[in-house]
Amino acid sequence: MAKTEFRSMNTSVLVAGLSCLALFTPSVGAQDLGPNFRRIKDGIYVQSSREVNSTSTIVLTEEGPVLIDTGQTLLDSREVMQAVRKLTQLPVRMVINTEVHPDHTTGNFVFSPPALVVNHAGASDAMRKAFDPDRANTLAKQSPEMREAAQGYRLVTPHVEYQNKATLRVGERVFELIHMTGVHSEADTAVWLPNERVLFAASVALPGSINNIRPFVRIPDMLAAMKMMKSLNPDVVVPGHGSFGTTKIFDDNERYYTLLLERVGALARSGKTLDQVKQELRMPEYADWSYQERMPSNVEAAYRAVTAR
Ligand SMILES: [Zn+2]
């Protein structure tokens, strides 16, 4: 009898050990995930962005990983899935999309099912509207590797759409989702982990890069969103594109937009038309930022802001 008890106790210890292993593989470091991953905090790994590519982050929880965005390309999505498999045996529980564009959402299908995809109201409609039914073929033609990565491709839009704010509690983690209006796409979500003090800032402010500003985006709304995100006082800021850092990313972008508004405002007040402003405006302080070809969309947005009644 005593022997049986001993055995059963041993079995339960073994089972507890196995289930621990299933939850986390703590011996796996960021370096084991490959050169493209960095550890931000315990159990939080970002696929380190090549230049200004989009970021994708794995957040481990006791109930399975939560992903924030799914990779610039499907090769990145597959690489994230391989990293997940090294970190845990648990299925991906949720995917949070920080915006609607393909460089954040095309890889949703790699993780869902079983993952539930979440973003703000309006995301699904915008993704369906912009969807190109020929996308899988276009991707497959890029390279043999991409053809392989695109196997099984289909559009996966958010299953859950929240309004304004939402709190997700997954295992021991808390994810606060905050909608930002008119800052980049049809549905932009900042993801705040209050316990870890890590902020996923979507594509409002990009480090060292001129942003692509769509006609419905308002610079004053972008500045308000940066102010709101700074007020959370995060330790780490993970932008939608580029390397992660601190709130300096917001400071640099605020300075850029403030100067842009100032210069475009002065030209507009002197009677210049939008086309003339586009010709004459110079921002030499930011000549080393990438995507200079996006400058016209920035001037248009600044012109809309300074001439708004
Ligand atoms: Zn985008």
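Residues numbered from 1 in each chain as written. Predicted model: local features only at pLDDT ≥ 70, side-chain atom pairs only at ≥ 80, totals over all residues. Heavy atoms only, no water.

1. Side note on the coordination of the zinc ion
Metal coordination angles in their ideal form are 109.5 degrees for the four-donor tetrahedron and 90 or 180 degrees for the six-donor octahedron.
Alright, step 1. For the zinc ion, the protein coordination sphere consists of E99 (OE), E99 (OE), H101 (ND1) and H184 (NE2), at 2.1 to 2.7 Å.
Alright, step 2. Because the angles between the four donor atoms bound to the zinc ion fall within 52 to 123°, the donor set is best described as irregular.
Alright, step 3. The sequence motif formed by the donor residues of the zinc ion is E-x1-H-x82-H. The pair formed by E99 and H101 is uniform in burial state, with each residue classed as buried. (Donors = N, O, S within 2.8 Å, 3.2 Å for Na, K, Ca; no water. Tetrahedral: all angles 85-135°; square planar, octahedral: opposite > 155°, others 65-115°. Buried < 20%, exposed > 50% of the residue type's maximum accessible area, 1.4 Å probe, protein only.)

2. Concerning the sheet that holds strand 12 (residues 236–238)
Alright, step 1. Taken in spatial order, the five strands line up as 8-9-10-11-12 in an open sheet, and their pairing is mixed. Both edges of this open sheet fall to strand 8 (165–170) and strand 12, since each of them pairs with a single strand only. Here the strands of the sheet are splayed against their neighbours by 20° on average, with no regard to which way each runs.
Alright, step 2. One ladder, built from three bridges, connects strand 10 (residues 188–193) with strand 11 (residues 198–200); its direction is antiparallel. Note on strand 11: the bridge partner recorded for W192 is L199. (Pairing = 2+ DSSP bridges. Helix = DSSP H or I, 4+ residues; strand = E, 2+ residues; numbered from the N terminus. Axes fitted to C-alpha atoms, helices over the stretch in contact; angles between N-to-C directions.)

3. Quick notes on the confidence of the model for the chain
Alright, step 1. Per-residue pLDDT for the chain has a mean of 90; in total, 91% of the residues score no lower than 70.
Alright, step 2. Below pLDDT 50 for its whole length, residues 1–22 participates in four contacts with residues either more than four positions away or in separate chains. (pLDDT = per-residue confidence, 0-100. Contact = heavy atoms within 4.5 Å.)

4. Some remarks on the packing of helix 8 (residues 219–231) against helix 9 (residues 248–269)
Alright, step 1. Where helix 8 contacts helix 9, the axes come no closer than 10 Å and their chain directions differ by 155°. As summarised for this structure, helix 8 and helix 9 are arranged roughly antiparallel, according to the angle between their axes. The chirality of how helix 8 crosses helix 9 is left-handed. Taking contact as the criterion, the partners of I219, M222, L223, M226, K227, M229 and K230 in helix 8 are, on helix 9, F250, D251, N253, E254, Y257, L260 and L261.
Alright, step 2. For the contact of helix 8 with helix 9, the per-class residue count stands at nine nonpolar, one polar and four charged. (Parallel < 35°, antiparallel > 145°, perpendicular 65-115°, else oblique. Left-handed = near helix turned anticlockwise from the far one by under 90°. Nonpolar A, V, L, I, M, F, W, Y, C, P; charged D, E, K, R; others polar.)

5. Details of the pattern of salt bridges
Alright, step 1. Using the criterion set out here, one finds twelve salt bridges in the structure.
Alright, step 2. One network of salt bridges, in which partners are shared, links K230, D251 and E254. (Salt bridge = Lys/Arg side-chain N within 4 Å of Asp/Glu carboxyl O.)

6. A closer look at the sheet that holds strand 7 (residues 160–162)
Alright, step 1. Here seven strands make up an open sheet; going across it, the order is 1-2-3-4-5-6-7 and the pairing mixed. Either end of the sheet is taken by a strand with one partner, and the two such strands are strand 1 (37–41) and strand 7. The sheet shows a mean angle of 25° between the axes of neighbouring strands, direction not considered.
Alright, step 2. The sheet contact formed by strand 6 (residues 116–120) and strand 7 spans three bridges and is parallel. The residue bridging H120 from the neighbouring strand is Y162, located in strand 7.

7. Some details on the nonpolar core
Alright, step 1. If you look at the biggest cluster of nonpolar residues, it comprises 40 residues, and the most contacted ones within it are M222, Y256 and L260.
Alright, step 2. Contributions of two or more residues to this core are made by strand 9 (173–180), strand 10, helix 8, helix 9 and helix 11 (295–307).
Alright, step 3. Sort the elements by how many residues they give to this core and helix 9 lands first, with ten residues.
Alright, step 4. Counting 26 residues, the second-largest nonpolar core is a separate cluster that includes V28, L33, V110 and V156. (Core = buried A, V, L, I, M, F, W, Y, C linked by side-chain atoms within 4.5 Å.)

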